[in-house]
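Architecture and fold: a report
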Amino acid sequence: MATLVERLTSIVGAAHVRTAAGELEVYARDATPLFHHRPDVVVFPGSTAEVAEVLRLATELRIPVVPRGAGSNLCAATVPLAGGIVLVLTRLDEILEVSGPELLARVQPGVSTQALATAAAAQGLLYVPDPGSKVVSTVGGNVATCAGGLRGLKYGVTRNYVLGLEVVLPTGEVVRTGGRLWKDVAGYDLTRLLTGSEGTLGVITEVTVALLPAPAATRTGVAYFADLAAAGRAVDAVIGAGITPATCEFLDRTCVAAVEDYAHLGLDTEAGALLLFGDDGDPELVDRSLGRIADVCTEHGATGVTLAADVAASEDLLAARRCSLPALSRLGSLTILEDATVPRPRLAEMADRITAIAAKHELTIGTFGHAGDGNLHPTCVLDASDAAAVERSHAAFGEIFGAAIDLGGTITGEHGVGAAKLPYLSRRLGNDQMALLSRIKTAFDPAGILNPGKLGSTGDQTTEAGTA
Amino acid sequence: MSDEPRTAAGTGDVFDPDLLSRCMSCGFCLPSCPTYRMTGEEASSPRGRITLMRAVQDGRLDVTDPTVLAQSQFCLGCRACEPVCPAGVQYGELLEEWRDTAWQGRNRPVLAKLLMLMMSRLGMVGITLAGLVRRAARTRRGTPAAPNLMLGCVERVLYPKVSRAARRADPSLVAPAVQGCCGALHAHNGESGLGRRMARRLGRQLPGTIVTTSGGCSAHLAAELGADRVQEFSAWLAAGHGPDLADLTPIQVDGRRARLGLQDSCHLRNALGVWREPREVLAHLGDYVEVPDAGSCCGAAGSYSVLRPADSREVLAPKVAAIAELDLDYLVVVNPGCYRQMAAGLRGSGTRVVHLAELVARAL
Ligand SMILES: Cc1cc2nc3c(=O)[nH]c(=O)nc-3n(C[C@H](O)[C@H](O)[C@H](O)COP(=O)(O)OP(=O)(O)OC[C@H]3O[C@@H](n4cnc5c(N)ncnc54)[C@H](O)[C@@H]3O)c2cc1C
Ligand code: SF4
Ligand code: SF4
């Protein structure tokens, strides 16, 4: 230990190494409940070269390294299950370039998603991926988790906007994948492989992202339904009518009440479900698109439809939606959320199944999510001290994953596997793919130092990970 | 189970468990926290501090652990983390509970003890201060129904002119000579019980409505006496008391309307949600210019600027730089602590610092 800390200090400087118990404690968790493990040391590197030296040292000494951005992930991806080094990348927070003519930006990994979006907007450009956590999440973290957001249906997710990466391999080599080119098929698509690799293959030290010209107008509206399934059927009808809304989010009654409690927007808390829809583009087209969505919703059972009066009202609605999860957490001392995703036409069915599973296990499960891409976030709110309820919630989520896979879906749409969902991963991938993942992991990280117990490891390693 | 041994102190009774369990560690509060922006370290963020509190509550860390103690002092107590928290975490309450336990005996900063002693003295023996008070804004005898102007212990020593101006602006306010300290300073420095008792006593000394020119005092008093009894001065004016705002004569500088900016009072903004009101008043007094980040702490933070001058200056520096860009005639404050801090920061610059009440009195 002593030599490790000394050598780390000689790489990054004493001001950027932390070892006190309290300083380790705060890096023992992320936004995921129920997972906790302290690292042995926390390091804040200030350059790619420093990252490379830290990784070389860790490989030499066989010390685990867990890369960390803002620690806002929801799958215990940054919990250092095996101790070792937590490598915090937020000092690397420079926006290196925003190029209008080339429609791209180059940033360091610690830049917040919001800061990148703001810098792009200042030049009339749009950085598309907008996870609910964008005020705090980092671009590096977004790439490492392939974060989704509120614009998935029309625009896709983070992976659709990553052009190139600079990555430090666990053995210390610095490689650049992709680049400034929109077309480039030289070699395996490592950029894609690294996107969503959850800090298990390499440490991202620079990201080149694609930008779009900012749409001239963005508008949103709200439709209310008797229940989530009805809202899901309306979404099908909207898309069936040839409309691709930029935003298509939904909240059930429990979530609407919690969000209203925080945001005071005058939402109808009596309705069974709320659909938040929006589109962007030329003002007339947007108005027409919103009018048509409103009509289709009304034809398909909406009990009320309102369109946001102006940009500020639209922003308020979207901001409120982004807060669903923390707002829900008001309802209990423990909030466990999942990320099951089904093919969009099965959304209504999935919503019904979740309702049935919640009733069977006598749990409060509020569901919100991205209706446009079939991504649901069933969220169980309970009393942490009620051990039986916590037990039942695990059983319920097991069944929810099963239901998602039955319907042709997946166990996680955007939040990632981390430690939390690793035990369920083989259900989705099967043994052959699990083995392939682990061979890929070994190719990048022969010593197995990078974020062990997560992707690329086998699920059983984490059975004792669920510590409070 | 946890990987860390439990300390003997893990009795689970330092914090109200309901308050503590509200936080879901989403991190939405990080960008708004001045100390996190300073260091980039989780431990000096609201989320990190709550994680430390949890560790204390669960016995994973002792309340005297060096990091725990250091963070309880490094926190400005500005509560910028509260309005941005979708989960409704009452950080201010948690901080009071934390300091109540952590700052016992020799763990309380010596200067904090001294300051509190001063304030308590000021509060208890209001009479002996009659000399000072007279020079402030003391009235003869108000009718019991009249709204009371609270003189504030910091303000009546450092800025008696503010209360005078407030009474000129609204002559219906009476300022009884015998009034104690509201106890905000005590509540924020590890004596929340005493702080509350002092607020209640002041509530008895000033029955009925209490108007204050101190944003910080107003939040503490309102928490104890109820928001319906306590009115900060700009909110009082915006609610239609005192002069008709439309009749005020805008302040002139060199024959043109003055350029005015505002520094919010943290607790006024973050705890009471009062930030539109001072802006509304200022719009009638000159050309209002929004200072970037006006809502973030100036570093005065109650006793913070005295207890941790270096950190306090570091929080202040970017603010001074931002204001220098704006070419303001006046930077307006609504809290005596901010007055002192901003005046120190802007000394020698072309921008003067005034309390909102002073400008209103000049615009009558
Ligand atoms: C309220 C709330 C709402 C959310 N909404 C959404 C949403 O709408 N869509 C969505 O997809 N997610 C959402 N999330 C989850 C989370 O914010 C995202 O996963 C985000 O991308 C994480 O970014 P981060 O900087 O916090 O990364 P961290 O949590 O710090 O890390 C996440 C993973 O990335 C790895 N990592 C981080 N930086 C690097 C790097 N430079 N190099 C290599 N690996 C790295 C870590 O090891 C870890 O595996 C939400 C979270 C919260 C709390
Ligand atoms: S205090 Fe609120 S905003 Fe901050 S991490 Fe906790 S829940 Fe999130
Ligand atoms: S009170 Fe202010 S300094 Fe303290 S944690 Fe909250 S935002 Fe940060």
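Model, not experiment: these values are computed from the prediction. (Residues numbered from 1 in each chain as written. Chains lettered and ligands numbered in written order. Predicted model: local features only at pLDDT ≥ 70, side-chain atom pairs only at ≥ 80, totals over all residues. Heavy atoms only, no water.)

1. A look at the packing of helix H13 (residues 347-360) of chain A against helix H14 (residues 387-406) of chain A
All names here are of chain A.
- Direction vectors running N to C along H13 and H14 enclose 160°, while the axes themselves pass 10 Å from each other. One element, H13, and the other, H14, form an angle in the roughly antiparallel class. Of the two possible hands of crossing, H13 and H14 adopt the one that is right-handed. Each of Met-350, Arg-353, Ile-354, Ile-357 and Lys-360 in H13 lies in contact with H14, whose residues at this interface are Ala-396, Glu-399, Ile-400, Ala-403, Ala-404 and Asp-406. (Axes fitted to C-alpha atoms, helices over the stretch in contact; angles between N-to-C directions. Helix = DSSP H or I, 4+ residues; strand = E, 2+ residues; numbered from the N terminus. Parallel < 35°, antiparallel > 145°, perpendicular 65-115°, else oblique. Left-handed = near helix turned anticlockwise from the far one by under 90°. Contact = heavy atoms within 4.5 Å.)

2. Brief notes about the domain arrangement of chain B
Residue and element names in this part refer to chain B.
- For chain B, the assigned domains read domain 1 (17-107), domain 2 (110-238) and domain 3 (245-362).
- Distance between the C-alpha centres of domain 1 and domain 3: 27 Å.
- Between domain 1 and domain 3 lies a buried interface of about 1,100 Å² when both sides are counted; carbon and sulfur atoms form 61% of it.
- When the buried surface of domain 1 facing domain 3 is broken down by residue, Met-38, Leu-76 and Arg-79 rank first, second and third, together holding 44% of it.
- Our count for the domain 1 to domain 3 interface comes out at one salt bridge.
- Here Asp-293 and Arg-37 are joined by a salt bridge, their closest N and O atoms 3.7 Å apart. (Domains from an automatic or database assignment. Buried area = accessible area lost by both parts, 1.4 Å probe. Salt bridge = Lys/Arg side-chain N within 4 Å of Asp/Glu carboxyl O.)

3. Concerning the site of ligand 1
- With respect to spatial proximity, 36 residues lie near ligand 1, and among them Pro-67, Gly-69, Ser-72, Ser-133 and Thr-138 of chain A are the closest.
- Those residues lying near ligand 1 are distributed over chains A and B.
- For ligand 1, the protein covers 98% of the area, taking 970 Å² as the surface of the free molecule.
- Among the secondary structure elements, those contributing two or more residues to the shell around ligand 1 are strand E3 (65-68), helix H5 (139-145) and strand E10 (203-210) of chain A.
- The greatest single-element share of the shell around ligand 1, amounting to five residues, is contributed by H5 of chain A.
- Looking at the shell around ligand 1 residue by residue, the classes come out as 14 nonpolar, 19 polar and three charged.
- Taken domain by domain, the shell around ligand 1 gets at least three of its residues from each of domain 1 (95-213) and domain 3 (331-422) of chain A. (Near = heavy atom within 4 Å. Areas by Shrake-Rupley, 256 points an atom, 1.4 Å probe, with all protein chains shown as cover. Nonpolar A, V, L, I, M, F, W, Y, C, P; charged D, E, K, R; others polar.)

4. Concerning a nonpolar patch on the surface
- A contiguous nonpolar surface patch, about 340 Å² in accessible area, is contributed by Tyr-188, Leu-190 and Leu-193 of chain A.
- For Tyr-188 of chain A, the position within the fold is in the loop between strand E9 (174-178) and helix H7 (190-194). (Patch = residues over 30% accessible without salt bridge, like charges linked within 9 Å, V, L, I, M, F, W, Y side chains within 5 Å.)

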